[in-house]
Amino acid sequence: MNDEVPGSGPSRRSVLRTTAGAAGAGLGLGALGAGPAIAAAPGTAPTVDEAAAPARQGRTMAGVPFEGRSTVRVGIIGLGNRGGSMIDLFLALPGVRVVAVCDPVREKTERAAAKVTAAGQAAPAVYANGPDDYANLCGRGDVDFVYVATPWETHFEMAKAAMLGGKHVGVECPVAMRLDELWALVDLSERTRRHCMQLENCCYGRNEMRVLRMAHAGKFGELLHGAGAYNHDLRELMFSPTYYEGPWRRLWHTRLRGDLYPNHGFGPVANYMDLNRGDRVVSISSFGTPALGLAEYRAAHMPPGDPSWKESYIGADRTISLVQTAKGRVIRLEHDVSTPHPYSRINTLGGTKGVFEDYPARIYLEPDHKGHQWGDFAKYADFDHWLWKEHANPPGGHGGMDYIMLFRLMQCMRLGLVPDFDVYDAATWTAPVPLSHASIKAKGAPQAIPDFTRGEWRKARSGVDSVRPA
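Bear in mind the structure is a predicted one, so any value in this text is a computation, not a measurement. (Residues numbered from 1 in each chain as written. Predicted model: local features only at pLDDT ≥ 70, side-chain atom pairs only at ≥ 80, totals over all residues. Heavy atoms only, no water.)

> It is not clear to me how the sheet that holds strand 9 (residues 319-325) should be interpreted in this structure. Could you clarify?
By definition, the strands of a sheet pair up through backbone hydrogen bonds, in either a parallel or an antiparallel sense. Ordered by their spatial adjacency, 8 strands build an open sheet running 13-12-11-7-10-9-8-14, and the pairing between neighbours is mixed. Strand pairing shows two members of the sheet lacking a second neighbour, strand 13 (362-365) and strand 14 (447-448), which therefore form its edges. In this sheet, strand 12 (residues 354-357) lies alongside strand 11 (residues 348-351) in antiparallel orientation, the contact comprising 3 bridges. By the bridge assignment, G351 is partnered in strand 12 with G354. This element, helix 16 (residues 432-441), spans strand 8 (281-288), strand 9, strand 10 (330-336) and strand 14 of the sheet and lies at about 55° to strand 8. (Pairing = 2+ DSSP bridges. Helix = DSSP H or I, 4+ residues; strand = E, 2+ residues; numbered from the N terminus. Contact = heavy atoms within 4.5 Å. Axes fitted to C-alpha atoms, helices over the stretch in contact; angles between N-to-C directions.)

> Help me understand the packing of aromatic side chains in this model?
Two aromatic rings, taken as a pair, are described by how far apart their centres are and by the angle between their planes. Scanning the model with the defined rule gives 16 aromatic pairs in all. Considering the side-chain rings of Y243 and Y244, the 5.1 Å spacing of their centres and the 90° angle between planes classify their relative orientation as edge-to-face. Following the ring pairs from residue to residue traces out a cluster consisting of W152, Y230, Y243, Y244, W248, W252, Y261, Y343 and Y359. When the ring centre of F377 is taken as origin, the NZ or CZ atom of R210, which lies over that ring, is 4.7 Å away. Cation over ring: R362 sits above W374, and NZ or CZ is 5.3 Å from the ring centre. (Phe/Tyr/Trp six-rings, centres within 6.5 Å; stacked < 30°, edge-to-face > 60°. Lys NZ or Arg CZ within 6 Å of the ring centre and 35° of its normal.)

> Explanation requested: the packing of helix 6 (residues 155-164) against helix 7 (residues 179-192) in the structure shown.
When two helices pack together, you describe them by how their axes are tilted relative to each other and by the distance separating the axes. Packing of helix 6 against helix 7 leaves a shortest axis separation of 10 Å and a crossing angle of 10°. With respect to each other, helix 6 and helix 7 are oriented roughly parallel. Contact with helix 6, carried on its side by F156, A159, K160, M163 and L164, involves E181, A184, L185, L188, S189 and T192 of helix 7 and no other residues of that element. Here the residues of the contact of helix 6 with helix 7 are counted per class, giving 7 nonpolar, 2 polar and 2 charged. (Parallel < 35°, antiparallel > 145°, perpendicular 65-115°, else oblique. Nonpolar A, V, L, I, M, F, W, Y, C, P; charged D, E, K, R; others polar.)

> Where do I start with the sheet that holds strand 4 (residues 145-148) in this structure?
Spatially, 3-2-1-4-5-6 is the arrangement adopted by the 6 strands of the open sheet, whose pairing is parallel. Both outer strands of the open sheet, strand 3 (125-127) and strand 6 (196-198), are each paired with one neighbouring strand and no more. The mean angle between the axes of side-by-side strands here comes to 25°, regardless of whether they run parallel or antiparallel.

> So what exactly am I meant to see when it comes to the side chain of S286 here?
Here S286 shows up in strand 8. Assessed through its relative accessible area of 0%, S286 is described here as buried. A distance of 2.7 Å separates polar atoms of two side chains, one belonging to S286 and the other to S321. Discounting chain neighbours no more than four positions away, the residues touching S286 are I320, S321, S436, S439, I440 and G444. (Buried < 20%, exposed > 50% of the residue type's maximum accessible area, 1.4 Å probe, protein only. Polar contact = N/O pair within 3.5 Å; in protein donor to acceptor, adjacent residues only side chain to side chain.)

> When you look at the environment of M61 in this model, what are you seeing that I'm missing?
Within the fold, M61 resides in the loop between helix 2 (29-32) and strand 1 (72-77). Judged by its relative accessible area of 0%, M61 is buried. Separated by 129 residues in the primary sequence, M61 and E190 have C-alpha atoms spaced 5.8 Å apart. What M61 contacts, discounting residues up to four positions off in sequence, is S189, E190, R193, R194, H195, D422 and Y424.

> Quick question: what am I supposed to make of the pairing of strand 7 (residues 223-231) here?
Looking along a regular strand, one sees the side chains alternate between the two faces of the sheet. Here strand 7 lies mainly inside the structure; 7 of its 9 residues are buried. Direction of pairing for strand 7 relative to strand 11: antiparallel, over a ladder of 4 bridges. Within strand 11, the position partnered with G226 by the bridge is L349. With 7 bridges connecting them, strand 7 and strand 10 associate as parallel partners. Its bridge partner lying in strand 10, N231 is registered against D336.

Written out as structure tokens, the structure is:
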């Protein structure tokens, strides 16, 4: 998925030097946000929710539309595998111009600029002068939207620079790695009146959008539980000398024990349950297995003297988290990128009338099915989202969800619509990164998930299940 493409930001050497030192101090539990344990009855919010939230510094960004414009001018930071491929989709979208590109590796910016001119657009401004040149892109007056596809540890500073520069910003997963950074992004979005969005492409998968519309149509009855995951064997890629730009992805397994990448599984289930739009998550309890997979792979495949032999892995091979919502629903999240198994995001939703399970897709609903035999999910194609009905064969990777996501986002910006998700969703979907680590260290003790909306979650509002614009 979109994690597989690192892109670039600050120089890899400076990033790795900085983050290696942060492993001991800067990533302590205080910054990660180990919250107090929660002992709340199902459906009851813990006592450490809205009252404990920092004071709002600006007006809410929930329901705030973009300013309409005929053309969206885009700046791209990070031109590795992910950014270097997503630029093709930006160039394929109507009413979109790529006006600036940034990466410390100049050859990558040159390839990206060549793509822009080959598409018939004016040559973009190029920023390749060191690890901090992204700040100059964010300060341009002719950029409306900044797209960030760089190593995880750089996401926060780049999103911050974009908003302070007056730009809306979309960030690849996860949006930040620490709880204090998530709160800072919420505050910055409210203060600058710029949207900061987690670009979660799995929310726009065909199956996910069909299940979403079925859930909102009542086909599952009252929703009770859901599950999502990122179970993807990345061992070969993480030890590849060329796939990622340096070992940044693997090094996170030396720092955190919890779920490093919850967004792909969490985002779609959050949409099914209208989280931050009538319900919200209140706590997470996480458990992790021993960390054995990466060390075993290294022993079998890496030569003596390889720099990876200096690394000590602490990240659980499989992390399992249970998340509870204010309405008492339960969400199971899983993360496993270091053991052999087929790819799965699990993608499950259950309610009083039945259940959907993915990988492979299968469904059982009353009164449609009986005899305890799975039904054919393909027979529910009438529930496909209008985006998939209009773009039956979208270009790009990941089954077309990347294109659908960008098409919809750029459409919202051009037409002056409210985005399908916002900074509160970004913070909520990413909060399991620090909080699962804290819970595992506390032997599974539940950790409070902040109410990033500061009470706005009680108000029903639209999300990804959008109405087709006129």
